[in-house]
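# Inside the fold
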Amino acid sequence: MSERQVMTRDEFIEDLRKRLRENFAMEIETATPNELFVAIGQIVRASYADSWHRTRQRYLEHKQKQSYYFSIEFLPGRMLKSNLLSLGMLDMVRDTVEEFGFDFDDVLRVENDMALGNGGLGRLASCFLDCLASRELPGNGNGIRYDYGLFKQQFVDGYQVELPDAWLKSGNVWEVRRESESVNVHFGGNVYMKQMPDGSLKPVAENERILKAVPYDTGVVGYENDTVNTLRLWSVEIPASEEGKYRSIEERRMVEDLTAVLYPDDSNEQGRLTRLTQEYFFVSAGIQSIIRYYKKTKMPISRINEYIAIHINDTHPALCVPEMMRILLDEFDLSWEKAWGLTVSMMSYTNHTIMQEALEKWPVSMVKYHLPRMYQIIEEIDRRFVTNLQGLYPDDLIQRTRIIQGDQIHMANLSIIGSHSTNGVAKLHSDLLKSVVLHDFYVLYPERFNNKTNGITQRRWLQLSNEPLAGLLDETIGTSWRKEPTDLQMLMNYYDDDRLLELLADTKHKNKVRLAKYIKETCNIEVNPNAIFDVQIKRLHAYKRQLLNLLHIVKCYLDLKDDPNRNFVPRVWIFGAKAAPSYTYAKSIIKAINETATLINNDPDIGDKMKIVFLPNYNVSLAEIIIPAADVSEQISLATKEASGTSNMKLMANGAVTMATMDGANVEIRDYVGADNIYVFGLTEEEVYRYYEKGDYSAQAIYDQDPVVRRVLNAFVDGTIPNIQREGQEIFDSLLKYNDEFFLLKDFEPYCKVQEQVSQDYLDQTKWRKMSLTNTAKSGIFSADYTVMKYAEDIWQIAPVNLHKEKRN
C-alpha cells in the first residue's frame, strides 16, 4: 500500500471512544456488538469520505468518460469487512475489537445483508462495481433502493415460507441521502404532439402523475487505492407539488410501495404494472441524473457519447433507450437522426438468458397507457427500423426482429436495436445467441455481438470468505495474487509438494468444521466434517436441476437400505436456494428435498453415511460460509440453459471440484483445469438441440426400460418419501406426463456414474488434493477484474484513473 495513509490502532480507539460516547453515551467496554458496528461503520465511512469526494471531483474536472451500470438487482452482501479489507484496516480493527473482549464475527453479523437481488444477476453487478473501483475505472451503479430485500426464507413443515426482509429497519450506515439531487419522474396522462410556430412538433403532456425519485448513494471502495465510485439507488417519494392529489393513506401507500419490494409477484396484472413502473422509475431517474451531471462539464450535448457510457444489465433497464431519446428530442431539440446516433453509441446491453420466456415482453396497452411518451418513441424506433431494412433483408426476418409484434413490446429487441453492443456472458452462451436465440439480429448486426465471460471478485470470495486459505496462499506464493488473481497459477509449482497438499487439506477441514457448527446451530443436524461436502447453491429453478441431484440422493438411499454394509463414502449434500414466491413447482422441489432430508437424516440404518442439509435463507453471507467448505460443486443445469453461472467460479477458487454439464462457463472451466480435474457428464449442446429438432425424446421409455429410474421415481409417489403426496405426484408427472422438459432422466445414469467416480477419487486423498489445488490455481482467470477491463476497453471505452498517483503529485 506504500504511501496510503492508514489509521493507527491508537487513532482508531480514540475515534471509537468518541463516536460511542456521542451516539450512545457509553464506553467501549460497555458497548454491545450493535453499537460497535454502528460506530465502526461511521469511522470507516469517514475514512474514505475524502477519497470519495476526490474521485467525483477528478472525474468532473478532467471530463473523464464514465460508465453507468443500470441493473434492477444489486447483491453487495455485508460491507463492513469488505470495506475494511480495501482500506487496509481489517487486521488492525479485528485485533483491537478482540483485545477489548469482543468476538469480531459478532460485530460483523449485526450488519444486514444488502439483499437487493435474486441471484447471479445482482451478485455479478456488485462484483463488477467492486472491480471497477479496484481497477481504478470510472464506473457507477444505478438501481432501486428497495425497502425490503428479496424475502427471508424459512421452512415450516418442509415448505418454503416467505417473510419480509426489512434490511433497513436499523438504518444503513453506508448510504448518503442526496435530497438536492432528486428528480421527478412522469407517468400516465395524455401526451400529444403540438405544432410550434417554426413548424416543428413538441410533445405536450396533460394530467400526468409525478413521482419524486430521491437518490441514496453508497461509496464503492477500491482495493488499496484512492478510488471510491458510487452505487446510486433510487427511492420513491411524493413531491410537495403533488401532495394534494393523495388524500387517503391507501393512495399514499400505493405510491410508496413502488420501491418496496424487488420483483413484485407478476402472476397478476397489478404486480406486472408495479414491475414496469419500477423499471421506468429507476431508468428515468438515472438518465436524468446523468444528464444533470453532464451539463456540469459544459460540453455540448452533441458530444455526450464521448463522455457517457450506459450499460443495460439484462432487459429490465431497456427503457434507457427511449428515455435517452426523450431527453435528447424533447429537452435538447435534437433531430431524430442525431439523437438516435448518440443514443446507440452510448448504450450497450448484456443478455443473461437464452430462455425465451425470460426475455421480457410488455403489453402494448400497458405501456401506452402508463408510459405514453415512451410508447410514442418506441413506436417510432420500430417504424424506422422496419423502413430502413425494407428491401435489404427478407420481410419475415424484419418482422421477427421488430420491437412491437402484435400486442407485445419485446424489450430484448429494443435493447439490441438501441445499442452498439450486445454481449453474452460465457463463450457457449454468446455462440448460442449468435447461432440460435438472437440469430436474426446477428444477421443484421454481426459487428455488435461479442462475448464477455462472467467473473467473480476474489477479494470477497477468497480473501474475505476464506481467510485460512488466503493466508496459506500468501505464505506459499506471496501476496501478488491479491491484486493479480492469475498469479494463483504459481500454486501449480507445488503440485507434488506433499506438505502443502496436507496444509491445503487442513484449511479445507477447518472450513468444514466451521460449516458443520453452523449447520448444528441452524438446523440441529450433526454432520461429519470428514464426509464429502457436496454443494448446490443457486436459485431454485427447474433448469438448474436440483431435482436431478435429489434423484441421485434417493438412489443412494435405496441402495444403502438394500445393503447397509455396502462400501459407501460418507457424503453430506448441502443445498441453498430460494424459489420465487409464485413458482409452485420450484417450491414443490424444496418440499421434496426437505422431506427426503427428514427421512434420511433420522434413519438409524443410515447413520452418518448420508446427510441432507437445506440451509434456509441463502444469501451472500451464507454463501461465504458454505463455499470455503465445499468439496464438490454441483453445476448440473441442462446444457444450453445456464448463461454462465458464477457459483461455479466461486467454488472452484476455493478448491471444490466441479460436477459439470457442458453448459455456461463450465465449458471454459473444463478448458482451464483440464478434463482430469472436473467431472463432466450429460447431454451436449448438439444433442439437446437434436432432440428439440426431432421431437423424439421419451421420458416414459426411459422409465419403462430402466428399473433404477423406475424405482427412484416411484419413491416420490408410493410413500417411500413421506409427506409429499401432492408434491411427489407433481414432480412425477412433470417427468413422465409432461415428458421431462430438462432431460433429467436422460442424464440420470451418466450423473450417477460420475458421482461414483467422485467417491472413489475422494478415497485417494493425494489425488483429490491435487485436483483441489489445480482448481484454485486455475481460478484466477475468472476474476471479474479482467472481465470489467474487457468491458472498459471493448464496449465502454473508459480508461483507468490513478487517483493515488495524482494525490502524491
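Residues numbered from 1 in each chain as written. Predicted model: local features only at pLDDT ≥ 70, side-chain atom pairs only at ≥ 80, totals over all residues. Heavy atoms only, no water.

Right, let's get into the pattern of salt bridges. The tally for this structure, following the rule as stated, stands at 64 salt bridges. A salt bridge links arginine 384 to glutamate 337, with the shortest nitrogen-to-oxygen separation between them at 3.2 Å. Here glutamate 337 lies in helix H10 (residues 336-346) and arginine 384 lies in helix H12 (residues 372-389), a separation of 47 residues in the sequence. Residue class for arginine 384 comes out partly exposed when judged on its relative accessible area of 24%. (Salt bridge = Lys/Arg side-chain N within 4 Å of Asp/Glu carboxyl O. Helix = DSSP H or I, 4+ residues; strand = E, 2+ residues; numbered from the N terminus. Buried < 20%, exposed > 50% of the residue type's maximum accessible area, 1.4 Å probe, protein only.)

Across all of its chains, the model carries 21 aromatic pairs by this definition. Centroid distance tyrosine 762 to tryptophan 768: 5.2 Å. Interplanar angle 75°. Geometry classified as edge-to-face. Tryptophan 768 carries the same exposure label as tyrosine 762, and that label is buried. Geometry around phenylalanine 533 places lysine 512 over its ring, the cationic atom sitting 4.9 Å from the centre. Positioned above the aromatic ring of tyrosine 159, the side-chain terminus of lysine 591 is 4.2 Å from the ring centre. (Phe/Tyr/Trp six-rings, centres within 6.5 Å; stacked < 30°, edge-to-face > 60°. Lys NZ or Arg CZ within 6 Å of the ring centre and 35° of its normal.)

A separate point is the sheet that holds strand S17 (residues 408-410). Read across the open sheet, the three strands follow the order S15-S17-S16; overall the sheet is antiparallel. Unpaired on one side and paired on the other, strand S15 (361-363) and strand S16 (404-405) mark the two borders of the sheet. With two bridges joining them, S16 and S17 adopt antiparallel strand pairing. What sits directly across from isoleucine 404, in S17, is isoleucine 409. (Pairing = 2+ DSSP bridges.)

On to a negative patch on the surface. Together, Asp95, Glu98, Asp103 and Asp105 line one region of the surface with negative charge. Mapped onto the elements of the fold, aspartate 103 is located in the loop between helix H4 (90-99) and helix H5 (104-110). (Patch = residues over 30% accessible without salt bridge, like charges linked within 9 Å, V, L, I, M, F, W, Y side chains within 5 Å. Areas by Shrake-Rupley, 256 points an atom, 1.4 Å probe, with all protein chains shown as cover. Lys, Arg positive; Asp, Glu negative; His and termini not counted. Charge placed at Lys NZ, Arg CZ, Asp CG, Glu CD.)

What follows deals with the UniProt feature "modified residue: N6-(pyridoxal phosphate)lysine" (unreviewed entry) in the protein. If you check UniProt for "modified residue: N6-(pyridoxal phosphate)lysine" (unreviewed entry), the listed places come out as Lys650 in our numbering. Within the fold, lysine 650 resides in helix H23 (residues 647-653). Each residue touching lysine 650, except ones within four places of it in the same chain, is listed here: Arg123, Ile456, Trp461 and Ile627. (UniProt positions renumbered as here; feature names shortened; annotations may be inferred. Contact = heavy atoms within 4.5 Å.)

We now examine the packing of H10 against H12. In contact at an axis separation of 13 Å, H10 and H12 are set at 90° when each is read in the N-to-C sense. With respect to each other, H10 and H12 are oriented roughly perpendicular. Residue-level contacts link Trp336, Glu337 and Trp340 of H10 to Ile377, Glu380, Ile381 and Arg384 of H12. Looking at the contact of H10 with H12, its residues break down into four nonpolar, no polar and three charged. (Axes fitted to C-alpha atoms, helices over the stretch in contact; angles between N-to-C directions. Parallel < 35°, antiparallel > 145°, perpendicular 65-115°, else oblique. Nonpolar A, V, L, I, M, F, W, Y, C, P; charged D, E, K, R; others polar.)

A few words on the nonpolar core. The biggest cluster of nonpolar side chains holds 194 residues, and the ones touching the most others in it are Ile40, Ile287 and Ile574. At twelve residues, helix H8 (residues 269-296) tops the list of elements feeding residues into this core. Residues contacting isoleucine 287, with those up to four places away along its chain left out, are Phe70, Ile310, Cys320, Glu323, Met324, Ile327 and Met347. Grouped together as the second largest cluster of nonpolar side chains are 71 residues, Ile612, Ile702, Val709 and Val754 included. (Core = buried A, V, L, I, M, F, W, Y, C linked by side-chain atoms within 4.5 Å.)

So, on to the domain arrangement of the protein. Domain annotation of the protein identifies domain 1 (9-314 + 321-350), domain 2 (351-454) and domain 3 (458-778). Taking only C-alpha atoms, the centre of domain 1 and the centre of domain 3 are 34 Å apart. Of the residues lining the interface, 34 residues belong to domain 1; the matching set on domain 3 comes to 33 residues. Summing both sides of the interface, domain 1 and domain 3 together bury roughly 2800 Å²; the carbon and sulfur share of this comes to 50%. For the domain 1 face of the interface with domain 3, the top three residues by lost area are Gln153, Phe155 and Tyr223, together amounting to 21%. In this structure, the connection of domain 1 to domain 3 is made through six salt bridges. Among the salt bridges present, the one from glutamate 224 reaches lysine 483, with a minimum N-O distance of 3.7 Å. Here domain 1 and domain 3 share 21 residue pairs in polar contact (both at pLDDT 80 or more) between them. (Domains from an automatic or database assignment. Buried area = accessible area lost by both parts, 1.4 Å probe. Polar contact = N/O pair within 3.5 Å; in protein donor to acceptor, adjacent residues only side chain to side chain.)

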